[in-house]
Amino acid sequence: MEVGNYLYLAMILFAIGATTVMLRRSAIIAFMGVELMLNAANLAFVTFARIHGDLSGQVIAFFVMVVAAAEVVVGLAIIVAIFRTRKSASVDDVNLLKG
Amino acid sequence: MTPLIAAAPQFVQPEIWWTWLAPYLLVLGAAVVGVLVEAFVAPRARRSTQLTLALVALLGAAGWNVWLWVDQFAPTEFKAIALVNGSLMVSYFTLALQTVILVVAALALLVVADRSRGADDFAPTAAAIPGSDYEELARTKGLQQTEIYPLFLFAVGGMMLFPAAGNLLTMFIALEILSLPLYVMSGMARHRRLLSQEASLKYFLLGAFSSAFFLMGMALVYGYAGTINLWAITNGHALQVPEALVGGRPLLVMGVVMLLVGVLFKVGAVPFHQWTPDVYQGAPTSITGFMAACTKAAAFGAVIRIVVWFAPFIGLDLHEEIQVTIVIVAIASMLLGSVLGVVQHDVKRLLAYSSIAHAGFVLVAVAGVLPYDGQTFVFPMNSAVIFYLLAYGLATVGAFAVVRLVRESQGRGADAVTLGEATHLSQWAGLGRRSPFLAVAFSVFLLSFAGIPLTAGFIGKFTAFKVAVDGGLWWLAVLAVLCSAIAVFFYVRIIVLMFFVDPAADDTEPEPAREVVAVGALGATSDAPVGTPLAGEPEAGVGLRLSDELRRTSGGVTVLKGSVGSRVAIAVAMVGTLLLGVLPGPVLDLLEKTVNFLP
């Protein structure tokens, strides 16, 4: 199987993730879209590492996993805080700031 | 058969130069110690310990950077020094920008630490539901959230790493280190907590979205070049494009543009600006000042890194694509920031749109980057950008420090209740009579934003636009001057309001802002009756209970005196702004060194 196909897959996953962030209402789902985008980038990194025969792409993938975990900690804390206040995690409901 | 181990690449131990790493270790180390302080120091002593630790770390790192420049770097003929196997690449540009960030952050820290009238900008405990009994209990017990100081230091550490990054991975990690604490800090406001949490959520979701773009851009560039080391990419050392990627130039262009999307989001440039007004308005004001000044400086460091390392892409000139991208973003930012700033009625939102416009003005200088002519790597934009960011940073920290002192209040005399910031412009009328020092300081900052001569902002704009003209983009400079002229309108309007308009009498009702009504509607869902008087000290506006009713019935505006620290910060920012405007020569001469940038 050609290695390039993994790149197409990565691009498709990235596009799905980006669409999710922009279209879904729930903050949690939107956040999952971001995670999908990060993992798509990981797939691209690993594929390129394989193509180049270079290890740094794989190392980056590990770094990204750690960063994503840290981001989940912060993100979920914020989403939970706002959910407890408003009993809703919909991004359409957070509309007090405008002007 | 050869043993596998022989075929494996040899591990080369990287050489660590501790002297050069000391500033980062100092700031990030102090942040880690700050976390321990939270666990082991008695609550009463925590705040002073944290504040001392943070100030020592920031000023120590700034001093260390100056020493590195004067004593270690200047005597050598190096133009850049690679640390930790090239993960960090320190140049004069890096040192200068880091020092600017550290100094401005130290000023911002003084404002963050302001506890005049017994309350800082932060919720007694951010975990409590706004308007809940738990929050009320925390307030009456006088809890403080001193975790803000370690978070602040972590953010500053990330900001220092950002313009020092020697490879893309370091840059990504720095981006996250600076962003994650900022997301948390913007959700911790003491007053109007719903707005603050909303700001935090918006900032987080959009920030995470943009860092995903940055990461994908990084992957594409890595896929093209086979390395993430900026030095190697620029010199084409690793440009053995594998056959699978032949025709990969679009890949590279897209990668670089996506990298730029990631950092331009942090800068707050159009079309990645949507978070800026909301987050600036909702976040605690002292944090807004810090975020506006320092994040912008750090992110522009990264923008310049990317532009400088990729624009003269040897053997594959990317100059045109990058320049076109930057020019489009610069025009959009200047126009949108200046035009929408005119129609704002909220001081914090107005400063947010002003910051968008300023991002555009800095990008005008960045767009003046010249193509690689085959021999020299000289980037005149570097010194212009650093000077602009210093001028903007001083004025921003000062301006937000003033904004947080002008408060809404109800009642008179000893019973007066101080609420959140009086951000509606009509509430600023007559400030010049009530508090001349703050009004004069705020006017100086606004004039500096507007770019009026004898302030730092003028020199900043002049040098920035000059770079664009030298780069052949005179029409862009003309457009920038026109946009500044539009922006002057709303800055001067505030000055007129402060000095030449009488304040509304205390019994008149200020027009209720829309968000207040919304807060009231939401407040009804909590079981506490809206507007019940609080027991204990006359301090209110924590959470939901009093944030709406009082504001609608009161025309009162109090001006807090502010702690010594925050007055010192305002004074230093004002003197700095004027001094840089009158005598910019020495600083500009010093920054002259940063234009030499050897990849």
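As the structure is a prediction and not an experimental result, all values here were calculated from the model.

Scanning chain B from terminus to terminus reveals 23 helices and five strands. Within the span of chain B, comprising 599 residues, buried residues form 63% of the whole. Put simply, of all contacts in chain B between residues at least 6 apart along the chain, 81% involve residues at least 24 apart.

Moving on: the overall build of chain A. When you go through chain A residue by residue, the secondary structure sums to three helices and zero strands. Written out in order from the N terminus, the α and β elements of chain A read α-α-α. Considered along the principal axes of its C-alpha atoms, chain A spans approximately 50 × 25 × 25 Å. Across the 99 residues in chain A, those meeting the buried criterion constitute 44%. Within chain A, residue pairs in contact and separated by at least 24 positions form 58% of the contacts whose partners lie at least 6 positions apart. Accessible surface, chain A as shown: approximately 5100 Å² in total, 68% of it carbon and sulfur.

Turning our eyes to something else, we now look at the confidence of the model for chain B. Residues and elements named next belong to chain B. Mean pLDDT over chain B stands at 84; residues scoring 70 or higher make up 84%. Looking across chain B, the model is least confident in helix H20 (residues 514-523), with a mean pLDDT of 37, and most confident in helix H6 (residues 148-161), with 96. The low-confidence segment residues 1-6, where pLDDT is below 50, has zero contacts with residues more than four positions distant or belonging to other chains. Across residues 507-554 the pLDDT falls below 50, and counting only partners more than four positions away or on other chains, this stretch makes 95 contacts in the model.

So, on to unusual backbone geometry. Residue and element names in this part refer to chain B. Here the residue pair valine 270 and proline 271 is connected by a cis peptide bond, since its omega of 5° sits within 30 degrees of zero. Within the secondary structure layout, proline 271 lies in the loop between helix H10 (249-267) and helix H11 (275-282). Unlike most non-glycine residues, arginine 192 shows phi in positive territory, near 50°. Along the polypeptide, arginine 192 turns up in the loop between helix H7 (168-186) and helix H8 (193-225). Here the phi dihedral of leucine 454 falls at roughly 75°; this positive angle occurs in a residue that is not glycine. By the secondary structure assignment, leucine 454 is in the loop between helix H17 (436-450) and helix H18 (456-470). Taking relative accessible area as the criterion, leucine 454 reaches 56% and is therefore assigned exposed.

This part covers the pattern of salt bridges. One pass over the full model with this rule turns up 14 salt bridges over all chains. Here B:Asp502 makes a salt bridge to B:Arg433, at a shortest N to O gap of 3.0 Å. With B:Asp502 in the loop between helix H19 (474-500) and H20 and B:Arg433 in helix H16 (residues 431-434), this residue pair connects regions lying 69 residues apart in the sequence. One exposure class covers both B:Asp502 and B:Arg433, and it is exposed. Residues joined by salt bridges that share partners form a network here, namely A:Arg86, B:Glu198, B:Lys202, B:Asp278 and B:Arg349.

Residues and elements named next belong to chain B. Spatial ordering of the open sheet is given by E4-E3-E5, a layout of three strands whose pairing is antiparallel. Of all the strands in the sheet, just strand E4 (417-421) and strand E5 (556-559) have a single pairing partner and so form its edges. Strand-to-strand, the axes of this sheet are offset by a mean angle of 45°, without reference to chain direction. Where strand E3 (residues 406-410) and E4 come together, three bridges link them in antiparallel fashion. From the neighbouring strand, arginine 407 faces E4, where its bridge partner is glutamate 421.

Our next topic: the environment of B:Thr140. Mapped onto the fold, B:Thr140 is located in helix H5 (residues 133-140). C-alpha of B:Thr140 to C-alpha of B:Thr463: the two residues are 323 residues apart in sequence and 52 Å apart in space.

The subject of this paragraph is the environment of A:Lys87. All names here are of chain A. Here lysine 87 is to be found in the segment after helix H3 (56-86). For lysine 87, a relative accessible area of 63% gives the class exposed. Separated by 63 residues in sequence, lysine 87 and arginine 24 have C-alpha atoms that sit 18 Å apart.

Looking now at the interface of chain A and chain B. Each side of the interface is counted separately: chain A has 45 residues, and chain B has 52 residues. Of the roughly 4200 Å² buried between chain A and chain B, counting both surfaces, carbon and sulfur atoms make up 79%. Run the count over chain A and chain B and you get one salt bridge. The partner of B:Glu198 in a salt bridge is A:Arg86, with the nearest N and O atoms 3.3 Å apart. Counting every contact that joins chain A to chain B gives eight residue pairs in polar contact (both at pLDDT 80 or more). Broken down by secondary-structure element, the contributors of at least two residues to the side of chain A that touches chain B are helix H1 (4-23), helix H2 (27-52) and H3 of chain A.

Nonpolar side chains collect at one region of the surface, where B:Val440, B:Val492, B:Val496, B:Phe499, B:Phe500 and B:Val501 lie side by side and expose about 470 Å² of accessible area between them. At four residues, H19(B) tops the list of elements feeding residues into the nonpolar patch.

All names here are of chain A. Under the present numbering, the feature "transmembrane region" (unreviewed entry) in UniProt falls on residues 6-24, 36-53 and 59-83. The distance from the first to the last C-alpha atom of residues 36-53 is 25 Å, and the span holds 94% helix and 0% strand. With 100% helix and 0% strand, the stretch residues 59-83 has end C-alpha atoms that lie 36 Å from each other.

On to the side chain of B:Ser333. Residues and elements named next belong to chain B. Note on placement: serine 333 falls in helix H13 (residues 319-342). Of note is the side chain of serine 333, whose polar atom sits 3.0 Å from the backbone nitrogen of valine 270. When near neighbours in sequence (up to four residues on either side) are disregarded, serine 333 contacts Ala269, Val270, Ile356, Ala357 and Gly360.

Our next topic: the packing of H17(B) against H19(B). Residues and elements named next belong to chain B. Relative orientation of the contacting elements H17 and H19 amounts to 165°, with a least axis distance of 9 Å. Taken as axis vectors, H17 and H19 run roughly antiparallel relative to one another. Judged by the twist between their axes, the crossing of H17 over H19 is left-handed. Packed against H17, whose contacting residues are Ala439, Val440, Phe442, Ser443, Leu446, Leu447, Phe449 and Ala450, the element H19 presents Val488, Tyr491, Ile494, Ile495, Met498 and Phe499 at the interface. When the residues that make up the contact of H17 with H19 are grouped by side-chain class, the tally is 13 nonpolar, one polar and no charged.

This part takes up the side chain of B:Thr146. Locating B:Thr146 in the fold gives a position in the loop between H5 and H6. Once residues within four sequence positions are removed from consideration, B:Thr146 is found in contact with B:Glu38, B:Arg46, B:Arg47 and B:Gln50.

All right, on to the packing of H1(A) against H8(B) then. Running from N to C, H1(A) and H8(B) cross one another at 165°; their axes reach a closest spacing of 11 Å. Taken together, the axes of H1(A) and H8(B) are roughly antiparallel relative to one another. Of the two possible hands of crossing, H1(A) and H8(B) adopt the one that is left-handed. Where H1(A) approaches H8(B), its residues A:Met11, A:Phe14, A:Ala18, A:Val21 and A:Met22 are matched on the opposing element by B:Phe209, B:Ala212, B:Phe213, B:Met216 and B:Leu220. Along the lines of polarity and charge, the residues of the contact of H1(A) with H8(B) split into ten nonpolar, no polar and no charged.

Reading the values: the criteria
Residues numbered from 1 in each chain as written. Chains lettered and ligands numbered in written order. Predicted model: local features only at pLDDT ≥ 70, side-chain atom pairs only at ≥ 80, totals over all residues. Heavy atoms only, no water. Helix = DSSP H or I, 4+ residues; strand = E, 2+ residues; numbered from the N terminus. Buried < 20%, exposed > 50% of the residue type's maximum accessible area, 1.4 Å probe, protein only. Contact = heavy atoms within 4.5 Å. Areas by Shrake-Rupley, 256 points an atom, 1.4 Å probe, with all protein chains shown as cover. pLDDT = per-residue confidence, 0-100. Salt bridge = Lys/Arg side-chain N within 4 Å of Asp/Glu carboxyl O. Pairing = 2+ DSSP bridges. Axes fitted to C-alpha atoms, helices over the stretch in contact; angles between N-to-C directions. Buried area = accessible area lost by both parts, 1.4 Å probe. Polar contact = N/O pair within 3.5 Å; in protein donor to acceptor, adjacent residues only side chain to side chain. Patch = residues over 30% accessible without salt bridge, like charges linked within 9 Å, V, L, I, M, F, W, Y side chains within 5 Å. UniProt positions renumbered as here; feature names shortened; annotations may be inferred. Parallel < 35°, antiparallel > 145°, perpendicular 65-115°, else oblique. Left-handed = near helix turned anticlockwise from the far one by under 90°. Nonpolar A, V, L, I, M, F, W, Y, C, P; charged D, E, K, R; others polar.

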